Amino acid sequence: MPAFVASDGGLLDVAEAIAAEWAALGVRGSFLAEDVDTGDRLGFDVDEPVPLASVVKVPLALVVLSGTDLARTVTVDPATSSVGPTGLAAFRYPATVAVGDLLLLMLSVSDNASADALFDLVPPSEVDARLRAWNCTGIRVRHRMNRMYECAVGVSDNDFGLALELAVRDERTIELLDPERANLGTAAALVDLLRRVWRDEIADPGATAGLRRLMGQQVFTQRLSNDLRADTIRVSGKTGSFLHLRHEIGVVEAETGDRIAMAALTRADRRARQAPDIDVAIGAAARDAFEALRRRSG
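1. Topic: the sheet that holds strand β7 (residues 139-140)
Moving on, step 1. Pairing is antiparallel across the open sheet formed by three strands, whose spatial order is β4-β8-β7. Each end of this open sheet is capped by a strand with a single partner; those strands are β4 (50-51) and β7.
Moving on, step 2. Here β4 pairs with strand β8 (residues 184-185) via two bridges, running antiparallel. What sits directly across from Pro 51, in β8, is Leu 184.

2. Concerning helix α9 (residues 205-215)
Moving on, step 1. Those residues of α9 that sit buried are Ala 207, Thr 208, Gly 210, Leu 211, Leu 214 and Met 215. The buried side chains of α9 occupy one side of the element, clustering within an arc of 160 degrees when seen end-on. Away from its buried face by more than 90 degrees, α9 exposes Pro 205 and Gly 206.
Moving on, step 2. In the core, the buried residues of α9 are packed alongside α2 (57-65), α3 (99-108), α8 (187-198), β9 (233-242) and β10 (245-254).
Moving on, step 3. Its side-chain oxygen 3.0 Å from the backbone nitrogen of Gly 206, Asp 204 forms the N-cap of α9.

3. Digging into the pattern of salt bridges
Moving on, step 1. In total, this model carries 25 salt bridges according to the counting rule given.
Moving on, step 2. Across the salt bridge formed by Arg 199 and Glu 201, the nearest N and O atoms sit 2.9 Å from each other.
Moving on, step 3. When its relative accessible area of 33% is taken as the criterion, Arg 199 is described as partly exposed.
Moving on, step 4. Accessibility expressed as a relative area gives 39% for Glu 201, which makes it partly exposed.
Moving on, step 5. Here the salt bridges do not stand alone but share partners, grouping Asp 37, Asp 192, Arg 195, Arg 196, Arg 199, Glu 201 and Arg 259 into one network.

4. Structural notes on the packing of α2 against α3
Moving on, step 1. The geometry of α2 relative to α3 is characterised by a closest axis approach of 11 Å and an angle of 165 degrees between their N-to-C directions. Comparing their axes, α3 and α2 come out roughly antiparallel. Seen along the crossing, α2 lies across α3 with a hand that is left-handed. Only Val 99, Leu 103, Met 106 and Leu 107 of α3 make contact with α2, whose side of the interface consists of Lys 57, Val 58, Leu 60, Ala 61, Val 64 and Leu 65.
Moving on, step 2. Of the residues that constitute the contact of α2 with α3, the class distribution is nine nonpolar, no polar and one charged.

5. Considerations on the packing of α3 against helix α4 (residues 112-121)
Moving on, step 1. Interhelical geometry of α3 versus α4 gives an angle of 135 degrees and a closest axis separation of 8 Å. One element, α3, and the other, α4, form an angle in the oblique class. Of the two possible hands of crossing, α3 and α4 adopt the one that is left-handed. Contacts between α3 and α4 involve Val 99, Leu 102, Leu 103, Leu 105 and Met 106 from the first element and Ser 114, Ala 115, Ala 117, Leu 118 and Leu 121 from the second.
Moving on, step 2. Among the residues forming the contact of α3 with α4, the class breakdown is nine nonpolar, one polar and no charged.

6. Here we look at the pairing of β9
Moving on, step 1. The buried fraction of β9 is high, at eight of ten residues.
Moving on, step 2. Here β9 pairs with β10 via ten bridges, running antiparallel. Bridge pairing links Val 235 to Val 252 in β10.
Moving on, step 3. Where β9 folds back onto β10 in an antiparallel hairpin, the turn is made up of two residues, including Leu 243, whose phi is positive at roughly 55 degrees.

7. A short note on the sheet that holds strand β1 (residues 4-6)
Sheet strands pair by backbone hydrogen bonding; their relative direction is either parallel or antiparallel.
Moving on, step 1. Strands sit in the order β1-β3-β2-β11-β10-β9 across an open sheet of six strands; the sheet is antiparallel. The open sheet is flanked by β1 and β9, the only strands paired with a single partner. The average angle at which neighbouring strand axes cross in this sheet is 10 degrees, direction not considered.
Moving on, step 2. Pairing analysis gives nine bridges linking β10 to strand β11 (residues 259-268), with the strands arranged antiparallel. When the bridges of β11 are listed, Glu 248 appears paired with Ala 264.

8. A short note on unusual backbone geometry
Moving on, step 1. The backbone phi angle of Ser 110 is positive, close to 55 degrees, even though this residue is not glycine.
Moving on, step 2. You can see Ser 110 is positioned in the loop between α3 and α4.
Moving on, step 3. One non-glycine residue, Asp 200, adopts positive backbone phi at about 55 degrees.
Moving on, step 4. Relative to the helices and strands, Asp 200 resides in the loop between α8 and α9.
Moving on, step 5. Overall, the relative accessible area of 37% leaves Asp 200 in the partly exposed class.

Each value, and the rule that gives it
Residues numbered from 1 in each chain as written. Predicted model: local features only at pLDDT ≥ 70, side-chain atom pairs only at ≥ 80, totals over all residues. Heavy atoms only, no water. Pairing = 2+ DSSP bridges. Helix = DSSP H or I, 4+ residues; strand = E, 2+ residues; numbered from the N terminus. Buried < 20%, exposed > 50% of the residue type's maximum accessible area, 1.4 Å probe, protein only. Arc of directions from axis to C-beta. Contact = heavy atoms within 4.5 Å. Polar contact = N/O pair within 3.5 Å; in protein donor to acceptor, adjacent residues only side chain to side chain. Salt bridge = Lys/Arg side-chain N within 4 Å of Asp/Glu carboxyl O. Axes fitted to C-alpha atoms, helices over the stretch in contact; angles between N-to-C directions. Parallel < 35°, antiparallel > 145°, perpendicular 65-115°, else oblique. Left-handed = near helix turned anticlockwise from the far one by under 90°. Nonpolar A, V, L, I, M, F, W, Y, C, P; charged D, E, K, R; others polar.

This is the structure:
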């Protein structure tokens, strides 16, 4: 049974309904939604550590924004850069890009090459140490993005379909799905990070404002945003996808002033590269949680 958290019985009912829907789809995971201003919350298994995939780009961005010259330029060469389907990772020729634009590519289209170019400037160990200094104890940053792909193809002889099957069968066969080695976080720690960013209670106001702006430019809307697309609602988020992992963290803001931070971290028990029903279930969870917490604050 999931370990539920909720501020009252009505919110508990919502959390239980979300958990039941995920279980029916064959999805394991954790979910937390929390009002940024009141602290009211609902969710389940919020303290379970989960490999972060591209969600790790959010704390990386905050550290970069907190002390790196955004006008500094970096040359990214496809011959040596990280793999991925978007951004500089999909380029065929070297490109010279400012740090500020690497951040935009990393967060808007989840560009792995941009992320690893930033990790070259601020190594994972430095990002991890900064998080410790900020008391973000539930998040660990240990490796660059491309290391995940190296581990996956290394155990599957370059067969990503086989790597997916191995991950579903036994996560320990993929080194960077091991909680002792992966970039790691819990729903509770990630929501706390978002809450502090949206309240300017971490790093400095320039860095937090920059991160809010960049997360608001994400182009992927198939998860948290799926059922929350409206002129009166803004969703700022970051997805994370790798093998059977499908995540998103973000903040949903309404014109009424409601601000709800969320983390949905999922593992699928199926060998499928595409699982739109799981994305839809994450979106439904975000909608139901947002509406329940907004009614409570009103």
